[in-house]
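Coordinates in review
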Amino acid sequence: MIKKIAIWCFCLSILSIQFISAEEKFLSLKKNKTNVRYGPSIDRSIKYVYRKINLPVKQIDKKENWRRVIFFDNNSGWIHWSQLKPSNSIIILEDKILYKKPSNFSKPIAKLEKGRLLVLKKCENIWCNVKTYNYSGWVKTGNIWGSIK
């Protein structure tokens, strides 16, 4: 009997760990104007408004159709799921060089400053093909906010 209880406790602990880790993931803002609310309801007041399509956010909780997210600048709040999409962007946390090809020996295209939003096209190993404003090229993936998966 004790062995069965121990097995059940072990299985429940594994399931709860998977459930907790499933809550946290990166998403991106779907619209150019997104309301962030104090709580998970249309009746809750708007805390602030983000005006940046593709901005990466980290989901830290969910309740029905609402997602609690944290932003790059440590602001947090609730957003309706319809205003979010799978992650397709990153923010660089340090100045980076945008290269023509995924190599340090490739031709540099531009210097990108810390805090720049980059929309992901595809990633390979430690490099991602990105687009930002009028530039397109490859950057190394270290020191970023967002997910490259």
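Notes on the structure in this doc start here.

Calculation criteria
Residues numbered from 1 in each chain as written. Predicted model: local features only at pLDDT ≥ 70, side-chain atom pairs only at ≥ 80, totals over all residues. Heavy atoms only, no water. Disulfide = S-S within 2.5 Å. Buried < 20%, exposed > 50% of the residue type's maximum accessible area, 1.4 Å probe, protein only. Helix = DSSP H or I, 4+ residues; strand = E, 2+ residues; numbered from the N terminus. Salt bridge = Lys/Arg side-chain N within 4 Å of Asp/Glu carboxyl O. Contact = heavy atoms within 4.5 Å. Core = buried A, V, L, I, M, F, W, Y, C linked by side-chain atoms within 4.5 Å. Phe/Tyr/Trp six-rings, centres within 6.5 Å; stacked < 30°, edge-to-face > 60°.

1. Focus on the state of the cysteines
Cysteine pairs can be covalently joined through their sulfur atoms, and such a bond is termed a disulfide. Inspection of the entire model under this criterion finds 1 disulfide. One disulfide in the model links Cys123 with Cys128; its S-S distance is 1.9 Å. Across the S-S bond linking Cys123 and Cys128, the dihedral sits near 105 degrees, which makes this disulfide right-handed. The exposure class assigned to Cys123 is partly exposed, which follows from its relative accessible area of 29%.

2. Here we look at unusual backbone geometry
A positive phi angle, close to 70 degrees, is found at Asn54, a residue other than glycine. Considering the arrangement of structural elements, one finds Asn54 in the loop between strand S3 (46-50) and strand S4 (56-63). Despite not being glycine, Asn125 shows a phi value in the positive range, around 55 degrees. In this structure, Asn125 sits in the loop between strand S11 (117-124) and strand S12 (127-132).

3. A few points about the pattern of salt bridges
Using the criterion set out here, one finds 4 salt bridges in the structure. For Glu94, the salt bridge is made with Lys96, and the minimal N-O distance between the two is 3.7 Å. Taking relative accessible area as the criterion, Lys96 reaches 8% and is therefore assigned buried.

4. Examining the environment of Gly137
Checked against the element boundaries, Gly137 lands in strand S13 (residues 135-140). On the basis of relative accessible area, Gly137 is assigned to the buried category, the value being 3%. A C-alpha to C-alpha distance of 5.1 Å links Gly137 and Lys100, two positions 37 residues apart in sequence. For Gly137, the contacting residues outside a window of four places in its chain are Leu98, Tyr99, Ile109, Cys128, Asn129 and Val130.

5. Things to note about the nonpolar core
Leu29, Tyr50, Val57, Phe71 and Ile79 are the most contacted members of the largest nonpolar core, which totals 14 residues. For this core, the secondary structure elements donating two or more residues are strand S1 (25-29) and S3. In contact with Tyr50, other than residues within four places in its own chain, are Leu29, Asn32, Lys33, Thr34, Val36, Leu55, Phe71, Asp73 and Asn75. Residues Leu98, Leu112, Leu118 and Ile144 belong to the second largest nonpolar core, which totals 11 residues.

6. Concerning the side chain of Asn88
As for its position among the elements, Asn88 is in the loop between strand S7 (84-86) and strand S8 (89-92). Beyond its immediate chain neighbours, meaning those up to four positions away, Asn88 contacts Ser28, Asn54, Leu118, Val119 and Leu120.

7. Some points on the packing of aromatic side chains
According to the stated counting rule, one finds 5 aromatic pairs in the structure shown. Considering the side-chain rings of Tyr48 and Phe71, the 6.2 Å spacing of their centres and the 75 degrees angle between planes classify their relative orientation as edge-to-face. One end of the pair, Tyr48, is in strand S3; the other, Phe71, is in the loop between strand S5 (66-70) and strand S6 (76-80), with 23 residues separating them in the sequence. With relative accessibility at 17%, the residue Tyr48 sits in the buried group. For the ring pair Tyr99 and Trp127, a centre distance of 5.7 Å and an interplane angle of 80 degrees mean the geometry is edge-to-face. Taken together, the positions of Tyr99 in strand S9 (residues 96-99) and Trp127 in strand S12 put the pair 28 residues apart, joining distant regions of the chain.

So, to be careful, I would describe these as geometric facts and stop short of saying anything about function.
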